[in-house]
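# Architecture and fold: a report
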Amino acid sequence: MGDEVKHTTYDRAHRREYRRKVKLCLDVFETMLAQTSFDFDQALTGMEIECNLVDGDYQPAMSNRDVLDAIADPAFQTELGAYNIEFNVPPRPLPGHTVLDLESEVRNSLNDAETKANTGGAHIVMIGILPTLMPEHLDEGWMSESTRYTALNESIFDARGEDIPINISGPEPLSWQAASIAPESACTSIQLHLQLAPADFAANWNAAQVLAGPQLALGANSPYFFGHQLWAETRIELFAQSTDTRPEELKTQGVRPRVWFGERWITSILDLFKENVRYFPSLLPEVFDEDPVAELASGHIPQLSELRLHNGTVYRWNRPVYAVSDVQGVARPHLRLENRVLPAGPTVVDMLANSAFYYGALRNLSEADHPPWTQMSFSVAQANFLAAARHGIDARLHWPNLGEVTARNLVLHTLLPMAHEGLRQWGVDTEVRDRFLGVIEGRAKTGRNGASWQVATVRALECGGINRRQALTEMLRRYCEHMHANEPVHTWGQ
């Protein structure tokens, strides 16, 4: 969800003071990178899973407040849409048997949450975009109760001064006008976190950018929005457009979008925070009481609240995170790389396979003697990302020394061996590597991921004589059955 705020509107004085505080926080952060000991003794991983709620007819259920009250677990929180919830998985190290234990824990937590949600007639679905969501569901009553979300909606539309056009290409192109940021709520993802030392951050961020295309091609799971078949991972383009603060004139001038792949390789985490401050005006200019300079001078660890809040409104697909945690009663700052590329679902085993592939390949690429970002332009990495979003597992991607290759061949012959080696370097047990990377291998060999299964199933249902809405509903019913069985998506039948 992000940190809550106190205001829904802001005056000029707020904005002036916020800009001053953000720049002050940035200066303090730069000092801390040079002088402060960051917590990275043990590389921890974390995961956030955004989910949808549906009723007994598989239509969106705007009931997250009731569902969260029933679940009564602080690990589950609200998200933007009243039909969304988020599950925060506690951080843990990668080595050993951890990921197998995690699979059992995540399944148990979600199954328990599903049982409690059922008491109010709701069901939990892990999917990139809920295929039964239609325009009428976003007319009113769609937003969670939150000052932050209300303020974000107001700020984006104040910046634009007009409705947001949603124009997405694909087999069945969509054109629609949004009078709120409601379409953003349709985009549900899994976010992967990795705690890093400051000196290791740049190499890992660059490696994550390189991996974004192959990662997305494997994991695409959002082919439908408002009943239209669009991109294999429509969530990428929908999220970009639904949070766009730029009217057409600013786009023409080359002003950068809030949802941003980036435009260059980096040499320090500071590069990313400096870009955020340099390029993006505030959306939530909330001013906090802390004086970060005084805090640091007194030997305390500053929260840098304004800088963190600003960072949370620049939607990079691989985002830098600064946070302060309590380590045995002592405040310690740490840095995390937040990977926001993947959609939620289809199953727990698929999501953990995606995470194993990501962490393994990331470790291998970031420590390579001749890393790929020294052999390819940043624009090629971005082009791979967009090709994967459009075409999913059928995408063709560019890779150093290989030229243009299919995503499936790139994964099978180049990236899977890297992921195996990277997980071995992390100290992950052979049994764990074989289970989860075996899922990735099966997906690449069969060419079936969440997106391709959804499209094939809907086509088969329509060929059987039912209309699109009926087909989407029946497809989602079958999807939920497979999701609860926890068999990987490449093994699913129609």
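Higher on the page you've got the structure.
A brief report on the enclosed structure follows. This one's a predicted model, so the numbers in the text were calculated from it and none came from an experiment.

We now examine the overall build of the protein chain. On a plain count of helices and strands, the protein chain comes out with 16 helices and 15 strands. In terms of overall dimensions, the protein chain is globule-like: its C-alpha atoms have a radius of gyration of 22 Å, near the 23 Å expected for 494 residues. Across its three principal axes, the protein chain shows a C-alpha extent of roughly 70 × 50 × 45 Å. The buried share of the protein chain, reckoned over its 494 residues, is 58%. If you take every contact in the protein chain between residues at least 6 apart in sequence, the share linking residues at least 24 apart comes to 75%. Counting only carbon and sulfur atoms, one obtains 48% of the accessible surface of the protein chain, whose full area is about 18900 Å². Across the protein chain, 43 positive and 63 negative side-chain charges occur, with their mean positions spaced 5 Å apart.

With 19 residues, helix 11 (residues 348-366) should cover 27 Å at 1.5 Å per step; its first-to-last C-alpha distance of 27 Å lies within 8% of that length. Counting buried positions over the 19 residues of helix 11 gives 19, a clear majority of the element.

By the bridge criterion, four bridges tie strand 14 (residues 396-399) to strand 15 (residues 403-406) in an arrangement that is antiparallel. Residue pairing in the sheet places His398 in a bridge with Glu404 of strand 15. Taken together, strand 14 and the strand that follows it, strand 15, pair antiparallel across an intervening segment of three residues, in which Asn401 is found at a positive phi of about 70°.

Orientation of helix 11 relative to helix 13 (residues 407-426), taken along the N-to-C sense of each, is 85°, at an axis distance of 6 Å. Classified by the interaxial angle, the pair formed by helix 11 and helix 13 is roughly perpendicular. Counting all contacts with helix 11, which are made through Ala356, Phe357, Tyr359, Gly360, Ala361, Arg363, Asn364 and Leu365, the residues of helix 13 involved are Val411, Leu415, Leu416, Met418, Ala419, Glu421, Gly422, Leu423, Gln425 and Trp426. A class-by-class count of the residues in the contact of helix 11 with helix 13 yields 12 nonpolar, four polar and two charged.

Applying the stated criterion to the full structure yields 29 salt bridges. Across the salt bridge formed by Glu30 and Lys274, the nearest N and O atoms sit 3.8 Å from each other. On the criterion of sequence distance, the pair formed by Glu30 in helix 1 (residues 12-35) and Lys274 in helix 8 (residues 269-279) is long-range, its members being 244 residues apart. The shortest N-O distance in the salt bridge between Glu172 and Arg468 comes to 2.8 Å. In this pair, Glu172 is assigned in the loop between strand 5 (164-168) and strand 6 (174-178) and Arg468 in helix 16 (residues 468-485), connecting sequence segments 296 residues apart. Overlapping salt bridges, with partners in common, bring together Asp244, Arg246, Glu248 and Lys251 in one network.

Our next topic: the packing of aromatic side chains. Here the structure, examined in full by the defined rule, presents 20 aromatic pairs. Centroid distance Phe38 to Tyr322: 6.5 Å. Interplanar angle 75°. Geometry classified as edge-to-face. Residue Phe38 is located in the loop between helix 1 and strand 1 (44-54), and its partner Tyr322 is located in strand 12 (residues 318-327); the two are separated by 284 residues in the primary sequence. Using a relative accessible area of 4% as the deciding quantity, one classes Tyr322 as buried. Taking 6.5 Å as the distance between ring centres and 85° as the angle between the ring planes, the aromatic pair formed by Tyr279 and Phe280 counts as edge-to-face.

Along the polypeptide, Asn64 turns up in helix 2 (residues 64-71). In this view, Asn64 contacts Leu53, Thr78, Glu79, Gly81, Ala82, Asn84, Ile85 and Ser144; residues no more than four positions away in its chain are not counted.

Moving on, we come to the environment of Gly422. By the secondary structure assignment, Gly422 is in helix 13. Relative accessible area serves as the criterion here: at 0%, Gly422 is assigned to the buried category. Residues Gly422 and Gly141, spaced 281 residues apart in sequence, show a C-alpha to C-alpha distance of 46 Å. In contact with Gly422, other than residues within four places in its own chain, are Gly360, Arg363 and Asn364.

A few words on the packing of helix 5 (residues 198-219) against helix 12 (residues 378-391). Angle between the axes and distance between the axes: these two values describe a pair of packed helices. It is the contact of helix 5 with helix 12, at a shortest axis distance of 7 Å, that shows an interaxial angle of 25°. With respect to each other, helix 5 and helix 12 are oriented roughly parallel. When you trace helix 5 past helix 12, the crossing you get is left-handed. Across from Trp205, Gln209, Ala212, Gly213, Leu216 and Ala217 in helix 5, the residues of helix 12 making contact are Phe378, Ala381, Asn384, Phe385, Ala388 and Ala389.

Conventions we followed
- Position labels on residues start from 1 in each chain and follow its written sequence.
- This being a predicted model, a pLDDT of at least 70 is required before a residue's local features are given, and a value of 80 or more before pairs of side-chain atoms are given or counted; all residues contribute to the totals for chains, interfaces and linings.
- Note that the side-chain values use all heavy atoms of the structure and ignore hydrogens as well as water.
- For the purposes of this entry, the term helix denotes a DSSP run of H or I that reaches at least four residues, the term strand denotes a run of E that reaches at least two, and both are numbered from the N terminus.
- It is over C-alpha atoms that the radius of gyration is taken, and the globule rule equals 2.2 Å times the number of residues to the power 0.38.
- Exposure categories follow from relative accessible area, calculated using a 1.4 Å probe and restricted to protein chains: below 20% of the type maximum is buried, above 50% is exposed, and the middle band is partly exposed.
- When checking whether two residues touch, look at their non-hydrogen atoms; a contact exists if any pair is within 4.5 Å.
- All accessibility values rest on the Shrake-Rupley procedure with a 1.4 Å probe; residue burial counts only the protein chains present in the view.
- Here Asp and Glu are counted as negative and Lys and Arg as positive; His is not counted, and neither are the chain ends.
- Taken as the charge centre is NZ of Lys, CZ of Arg, CG of Asp or CD of Glu, depending on the residue.
- Multiplying one less than the number of residues by 1.5 Å gives the expected span of a helix.
- Criterion used throughout: strands pair if DSSP finds at least two bridges between them.
- Each axis is a line fitted through C-alpha atoms, and for a helix only the stretch in contact is used; angles between axes span 0 to 180 degrees, taken between their N-to-C directions.
- When an angle is under 35 degrees it counts as roughly parallel; over 145 it counts as roughly antiparallel; between 65 and 115 it counts as roughly perpendicular; any other value is oblique.
- Each residue gets one of three labels, nonpolar for Ala, Val, Leu, Ile, Met, Phe, Trp, Tyr, Cys and Pro, charged for Asp, Glu, Lys and Arg, and polar for the others, Gly among them.
- Salt bridge, as applied in this entry: a Lys or Arg side-chain nitrogen positioned within 4 Å of an Asp or Glu carboxyl oxygen.
- For this analysis, a ring pair means two rings from Phe, Tyr or Trp (six-membered ring only for Trp) whose centres lie within 6.5 Å, classed as stacked if their planes differ by under 30 degrees, edge-to-face if by over 60, and tilted for the remaining angles.
- The crossing is said to be left-handed when, going from far helix to near helix, the turn is anticlockwise and less than a right angle, and right-handed when the turn is clockwise.

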